[in-house]
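Chains, contacts and geometry: an overview
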Amino acid sequence: MLAAIKRAPEKTTGDLAERLSMERTTLVRNIALLERKGLVSSSNSAAGRGKSYRLTGKGEDFLEQAMPLWRRAQGDVMAHLGDDDFFRTINVLKRLSQL
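Structural notes, computed from the coordinates. (Residues numbered from 1 in each chain as written. Predicted model: local features only at pLDDT ≥ 70, side-chain atom pairs only at ≥ 80, totals over all residues. Heavy atoms only, no water.)

**Digging into the overall build of the protein chain**
Tallying secondary structure elements over the protein chain gives five helices and two strands in all. The linear arrangement of helices and strands in the protein chain, starting from the amino end, is α-α-α-β-β-α-α. For the protein chain, the spread of C-alpha atoms along the three principal axes comes to 45 × 35 × 20 Å. The buried share of the protein chain, taken over its 99 residues, is 20%. A sequence separation of at least 24 residues applies to 38% of the contacts in the protein chain between residues at least 6 apart. (Helix = DSSP H or I, 4+ residues; strand = E, 2+ residues; numbered from the N terminus. Buried < 20%, exposed > 50% of the residue type's maximum accessible area, 1.4 Å probe, protein only. Contact = heavy atoms within 4.5 Å.)

**Comments concerning helix 4 (residues 57–81)**
Across its 25 residues, helix 4 extends 36 Å between first and last C-alpha, which sits within 8% of the 36 Å expected from 1.5 Å per residue. At Ala66, helix 4 is deflected by roughly 30°, the largest bend along its length, and proline Pro68 occurs up to four residues later in sequence. Two residues or fewer past helix 4, Gly82 is found with a positive phi of approximately 90°. (Expected span 1.5 Å × (residues − 1). Bend = angle between axes of the 7 residues up to and from the residue.)

**A short note on the packing of aromatic side chains**
Aromatic ring pairs are described here by two measures, namely the spacing of the ring centres and the angle between the planes. Using the criterion set out here, one finds one aromatic pair in the structure. Ring centres of Phe86 and Phe87 lie 5.2 Å apart, and the angle between their planes is 85°; on these two criteria the pair is classed as edge-to-face. (Phe/Tyr/Trp six-rings, centres within 6.5 Å; stacked < 30°, edge-to-face > 60°.)

Listed below in structure tokens is the structure:
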């Protein structure tokens, strides 16, 4: 979620839910946790349609520390599955998320 918010600052809850293939209320609950931890801030969207979100400085720092760990985990899975199976799995998961 932090990475999606960073890539698309000021997107509305609905926009983020669609981007992350999440149910809107689940996203709202998760973002509320991130706000309580001081990683995300919310405001009324520029279009006046709901809330939009931005990373705080603490959120930026947290994401910067987390990304190398995420990349390493992805690399470990790729090494375990092999390139072909890894990318085949990613493609299947993308297709499933569109159902």
